[in-house]
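Architecture and fold: a report
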Amino acid sequence: MSLIEFFTSSVYRGPLIGSMFMCLTASIVGVFAFLQKRPLISETLSHASFPGVVLGVYVASFFLSPTDSKLSFFYLTFAFVFCLAALLLVSFMEKKIHVKSDTVLCYILSFFFAIGLLIASQMQFVEPYFYKKSLSFLYGQVATMTDTHIWIYGSLFVFTTIILSLFYYPIKAYLFDPLFFQGLNKSSRFIEGVISLLLLLAIVVGFSSVGVILLSGMLIAPCLAARQWTSKLNLIYIISGLIGVVSALFGVIGSTVISSYLNLSFPTGPLIVLTATFISFSSLLFAPEKGLFFRSFRMFIFRAKCIEENLLKGIWQYKISDIKQMKKQHQLSYVFLFFFLKHMEKSGWVYKQNRQILLTVDGEKKAKKIVRCHRLWELYLTDYLGIGVEKVHKSAEQIEHIITEDIERRLTAIMENPKHDPHQKPIPEKQV
Amino acid sequence: MLNPYRGNTFFEFFVTLFRRGFLFIKGGLSLDNLATDEIQLIVLSLIAISCALVGVFLVIKKMAMLTNALSHTVLLGIVCSYLLFQGAVFGQMGLLILVIASMITALLTAFFTQFIHKVLNVQQDAAIGLVFTFLFALGIVLATLFTRNVHIGIEAVMGNADALFYSDIKQALCLFLVNLIFMLVFFRPYLFSTFDPLFSKNSGAFVSFFNALFLLQVSFTAILSFRAIGVILVLGFFVSPFLICRLGCDRIRKLLVYAPLTSFLVVVFSLALSRHLLTVYNIAFSTSALVGTCLGSLYLLAIVTKKNLITLFKKA
């Protein structure tokens, strides 16, 4: 089956496009919960929607046939009501009873879920078909979705985006600087309400694709991944939404393929969430600037630079040109030492002669510059900041690698081009 | 054999229970003849008492949401240990395998959360949310693929208190004993490492060791409750008794007595209620869900009426 067939065939179109809309909504709204630094509220709310779903299906079982697509209105409404109740209860308990936030979240989560299971277990013998239907929302079972569902979830998505774009700036101001927002004479309760409404909508929209158990992953993972790629808020929304869509695509197609391959109805939710969290993990590791690998790479480069500069300094200042002595002085293993020396030779700072390491003209300039920075900084610390002479060496050891040309020039200007450092050693002339 | 509790109302349940209790003490009833209700009562109350014991320290340590992550990861822990020991049957597993599974669980959750929080600079809550959804999804996918059973995920969150056997009593008893012994032996280290980690570090206690031990204990409790009450209801068993008792009590020693007691009473009450509802209204509620709901509603009731069990205990 080709990819295009998933979008065109009337059997696969509903599940795929429907769950793409759902994941899109969830991952965009997840940004709020993430920026408010309480992403786990989505975990509680999604579990709290479960009794609503079950009750909705139960109530609908009195009026409707199991295959009626009006069924979704029932469970969506009931889920919304229960979510709202849970949200109000959480904020009531946090503010009025002063229970710790995570305890409240945990309590509400399991309490509401227990109610859901209670209603479901009652339904088990009375309405077995509806019971199965309600349990399928635990992990998301999108296979039964039709074109009607595309319209329902599509319009819910549009509704969410309209609210979001209407209140875009107030929400932004409120999230980043609540005090400033209050200073503008705006009602923060209103915006809190709008944010909560969006969160509830996202959860209600999302649970039928991912399922109530794993929905919080869909709200947390995409925006966490997006945050690694950019620091701009509007870009975070877009990237996060994209990741949501991609996860839905992979999840739905993957579960369809596995289902037909193994001949059982594989739940969609876990696969969608696996994709989203996988993207999130890889962003955390490999994103430029913020990812672990690039961060450690930059750190390594900086360390290497420090070691090389120290080596240069050692050769120029203490005339250490023997490799054995170098090893002793800098406490490096031979492997690293050879590596760094090779690199320095390539950069044209040192050359080998009779098993001795000697500086080139460039190398000498560089070494002088480092020593100059070191001694300038020592002088600055003692003369201008009044720090004891015996304490300044350590600080200068570190800062000599960081001082830029500009800072060096300013230091020179401030101290009127000094000739001697506090230890009465000559400061090398400025290197051109 | 016909269930002797069949057709009992709320009070008749207790009458039958006491009658059979006497019969058991006199020796007229062997362990093999336990009725389903009795097995449920024993298993659920042992689990509830253990959870309440652990829950006291757990809430004070602000570990509630970490426990949420832990209880979800249980599934992956079980799958992993199942893959390590091919011979085990998925439904009923030996104690050793469960211990190993709980270690895997605690290790996976704690390691990943700490790694993401500390090394990758992500806020703690987001780290927890990311880790457990990932591990739980992985657990479900693996379990479904290996057992070829799509209901495995549903069983994982629902538990199956209505299909408990005699072997479950043994496991629950073991869980109870382990928790009791741990609490008795390690009460002081736990206490100090919870309330004043700096002091206990200075006085030479291994704070991080006891934190890890506690994490392992939580994980073990979650995994042994897994079959009876599932991964989500167990959170209520951990948190609710503490919350209920905390309203009227601020001594940790008393909390460690009252919380399990509350939990036990709620289990007995809800089992009788479950039997009553079945007899009178013909409603078959899942027992574990009923216990969870009762625990939750009791706290709500306690908040609303401003009274609590402790004051009732004191009056009595």
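Right, let's get into the overall build of chain A. When helices and strands are tallied, chain A shows 19 helices and 2 strands. Computed over its C-alpha atoms, the radius of gyration of chain A comes to 32 Å, more than 25% above the 22 Å expected for a compact globule of 432 residues. Counting only C-alpha atoms, chain A reaches 95 × 55 × 35 Å along its principal axes. Per-residue burial for chain A yields a buried fraction of 44% across its 432 residues. Partitioning the intrachain contacts of chain A with sequence separation of at least 6 by distance along the chain shows that 70% fall at a separation of at least 24.

Below, the discussion takes up the overall build of chain B. Within chain B, the secondary structure is distributed over 13 helices and 0 strands. Listing each helix as α and each strand as β along chain B from the N terminus yields α-α-α-α-α-α-α-α-α-α-α-α-α. Rg of the C-alpha trace for chain B: 20 Å, near the compact-globule value of 20 Å for 316 residues, within the 12% margin. Taking the principal axes of its C-alpha atoms as reference, chain B extends roughly 60 × 55 × 35 Å. With 316 residues in all, chain B has 51% of them scored as buried. Intrachain contacts of chain B at a sequence separation of at least 6 include 77% that bridge at least 24 residues.

With domains assigned, chain A is organised as domain 1 (3-213) and domain 2 (294-359). Here the C-alpha centre of domain 2 of chain A lies 60 Å away from the C-alpha centre of domain 1 of chain A.

What follows concerns the interface of chain A and chain B. The interface of chain A with chain B comprises 49 residues on the first partner and 46 residues on the second. Within the residue set of the side of chain A that touches chain B, elements represented by two or more residues are α3 (40-63), α5 (101-126), α11 (215-229) and α13 (268-286) of chain A. Of all the elements, α5(A) adds the most residues to the side of chain A that touches chain B, at 16 residues. When the residues that make up the side of chain A that touches chain B are grouped by side-chain class, the tally is 34 nonpolar, 10 polar and 5 charged.

Before going further, it helps to spend a moment on helix α1 (residues 10-26) of chain B. When the terminal C-alpha atoms of α1(B) are compared, their 25 Å separation across 17 residues agrees well with the 24 Å that a helix rising 1.5 Å per residue should span. One or two residues past the end of α1(B) sits B:Gly27, with phi positive at roughly 95°.

As a further point, take the packing of helix α14 (residues 292-317) of chain A against helix α17 (residues 361-384) of chain A. Residues and elements named next belong to chain A. Between α14 and α17, the shortest axis-to-axis distance is 9 Å and the interhelical angle comes to 100°. As the angle between them shows, α14 and α17 are arranged roughly perpendicular. Contacts between α14 and α17 involve Glu309, Leu312, Lys313, Ile315, Trp316 and Gln317 from the former and Gly363, Glu364, Lys366, Ala367, Lys368, Ile370 and Val371 from the latter. Partitioning the contact of α14 with α17 into residue classes produces 6 nonpolar, 2 polar and 5 charged.

A word on the environment of A:Val90. Residues and elements named next belong to chain A. Along the polypeptide, Val90 turns up in helix α4 (residues 71-97). It is 7.2 Å that separates the C-alpha atoms of Val90 and Ile108, two residues lying 18 residues apart in sequence. Look past the residues within four positions of Val90 in its chain and what remains in contact with it is Thr44, Val104, Leu105 and Ile108.

It is worth spelling out the environment of A:Ser321 at this point. Residue and element names in this part refer to chain A. With respect to the helices, strands and loops of the structure, Ser321 is situated in the loop between α14 and α15 (323-330). For the pair formed by Ser321 and Gly18, sequence separation is 303 residues and the distance between their alpha carbons is 71 Å. The contacts of Ser321, once residues within four sequence positions are left out, are Ile315, Gln356, Ile357 and Leu358.

A few words now on the pairing of strand β1 (residues 350-353) of chain A. Residue and element names in this part refer to chain A. Summarising the sheet, β1 and strand β2 (residues 356-359) pair through 4 bridges and their orientation is antiparallel. Bridge pairing links Val350 to Leu359 in β2. Two successive antiparallel strands, β1 and β2, enclose a turn made up of 2 residues, where Asn354 displays a positive phi of approximately 50°.

For the rest of this paragraph, the subject is helix α10 (residues 207-246) of chain B. With 40 residues, α10(B) should cover 58 Å at 1.5 Å per step; its first-to-last C-alpha distance of 25 Å lies more than 12% under that length. The buried fraction of α10(B) is high, at 33 of 40 residues.

This part covers unusual backbone geometry. Excluding glycine, residues mostly have negative phi values, and the peptide bonds linking residues are mostly trans. Although it is not a glycine, A:Glu416 sits at a positive phi angle of roughly 55°. Its identity as a non-glycine residue notwithstanding, B:Asn282 has a phi of 60°, on the positive side. Residue B:Asn282 is classed as exposed on the basis of its C-beta count, with 9 C-beta atoms lying within 10 Å.

Here we come to the packing of helix α7 (residues 166-185) of chain B against α10(B). All names here are of chain B. Remark: α7 packs on α10, axes separated minimally by 10 Å, with the N-to-C direction vectors making an angle of 160°. Considering the angle they form, α7 stands roughly antiparallel to α10. Crossing handedness for the pair α7 and α10: left-handed. Contacts from Asp168, Gln171, Ala172, Leu175, Val178, Asn179 and Phe182 of α7 reach α10 at Gln217, Phe220, Thr221, Leu224, Arg227 and Ala228. Taken together, the residues of the contact of α7 with α10 break down into 7 nonpolar, 4 polar and 2 charged.

It is worth spelling out the confidence of the model for chain B at this point. Averaged over all residues, the pLDDT of chain B equals 82, while 92% of them reach at least 70. Predicted as a complex, the structure gets a pTM of 0.84 and an ipTM equal to 0.89.

The next thing to look at is the environment of A:Thr277. You can see A:Thr277 is positioned in helix α13. Its 29 C-beta neighbours within 10 Å are what place A:Thr277 among the buried residues. Discounting residues that sit within four places of it in the chain, A:Thr277 has contacts with A:Gly217, A:Ala221, B:Leu130, B:Thr133 and B:Phe134.

Rules used in this analysis
Residues numbered from 1 in each chain as written. Chains lettered and ligands numbered in written order. Predicted model: local features only at pLDDT ≥ 70, side-chain atom pairs only at ≥ 80, totals over all residues. Helix = DSSP H or I, 4+ residues; strand = E, 2+ residues; numbered from the N terminus. Rg over C-alpha atoms; globule rule 2.2 N^0.38 Å. Buried ≥ 20, exposed ≤ 12 C-beta atoms within 10 Å, placed from the backbone. Contact = placed C-beta atoms within 7 Å. Domains from an automatic or database assignment. Nonpolar A, V, L, I, M, F, W, Y, C, P; charged D, E, K, R; others polar. Expected span 1.5 Å × (residues − 1). Axes fitted to C-alpha atoms, helices over the stretch in contact; angles between N-to-C directions. Parallel < 35°, antiparallel > 145°, perpendicular 65-115°, else oblique. Pairing = 2+ DSSP bridges. Left-handed = near helix turned anticlockwise from the far one by under 90°. pLDDT = per-residue confidence, 0-100.

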